[in-house]
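What the coordinates show
The primary structure of each chain is shown beneath.
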Amino acid sequence: MNNETIVDRKVIIFQLNDEEYAVSVQQVGSIERIQPITRVPQTADFVKGVINLRGVVTPIIDLRVRFGLKETEFTESSRIIIVYLDEMEVGLIVDAANDVIDIPEDTIEPAPEVIGSVDVDYIDGVAKLDNRLLILLNLQKVLTKEEINELKSVEG
């Protein structure tokens, strides 16, 4: 008898440029509609600014810009995913947040050398589900330590 249990990874699926990405549910605080963002001078181009989210000043990052994709206008489906990064909340602007699913660990493969225009360092792996290919992001590597420290100073 086989006692091995197949572990599932619960993730939130979101879209950028027609590609589907996934982040662990444990790292996500909430998913918000786009709201007015206050620009902060002297920050990296991918830092859109800050929002006041339920009394917390939260830095907002445009993942399209961070990944070197073409910036687009926000749409009705654009969302801000609030994630926990290095003991602070950071908002990630995405094209759409689709759903929450369980990905069986055995469907996750290591990241190939090059995936589109996303730097492989950010990628935890790739999961094949039915006819979908999901890119699993490692949020700890989306930003460098220096960039996280810069966001902490923006956060106040």
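Before any of the text, the structure's been laid out above.
Before going into details, it helps to say that this report is about the structure given with it. Predicted model, so just to flag it, every value in this text is computed and none were measured.

Take the side chain of E32 next. Its location among the elements puts E32 in strand 3 (residues 28-33). Among the polar contacts listed, one links the side chain of E32 to the side chain of S30, at a separation of 2.7 Å. One polar contact links E32 to R54, side chain to side chain, over a distance of 2.7 Å. Apart from the residues lying within four places of it in its own chain, the contact partners of E32 are L53, R54, R79, I80 and I82.

One pass over the structure, following the stated rule, counts three aromatic pairs. Note on F14 and Y21: the rings are 5.7 Å apart at their centroids and 15° apart in plane angle, and the pair reads as stacked. Judged by relative accessible area, which is 1%, F14 ranks as buried. For Y21, a relative accessible area of 0% corresponds to the buried category. Of the aromatic side chains, those joined through ring pairs into one cluster are F14, Y21, F67 and Y122. One residue, R66, lies across the ring of F46, its end atom 4.6 Å from the ring centre.

Cut-offs applied
- Residues numbered from 1 in each chain as written.
- Predicted model: local features only at pLDDT ≥ 70, side-chain atom pairs only at ≥ 80, totals over all residues.
- Heavy atoms only, no water.
- Helix = DSSP H or I, 4+ residues; strand = E, 2+ residues; numbered from the N terminus.
- Polar contact = N/O pair within 3.5 Å; in protein donor to acceptor, adjacent residues only side chain to side chain.
- Contact = heavy atoms within 4.5 Å.
- Phe/Tyr/Trp six-rings, centres within 6.5 Å; stacked < 30°, edge-to-face > 60°.
- Buried < 20%, exposed > 50% of the residue type's maximum accessible area, 1.4 Å probe, protein only.
- Lys NZ or Arg CZ within 6 Å of the ring centre and 35° of its normal.

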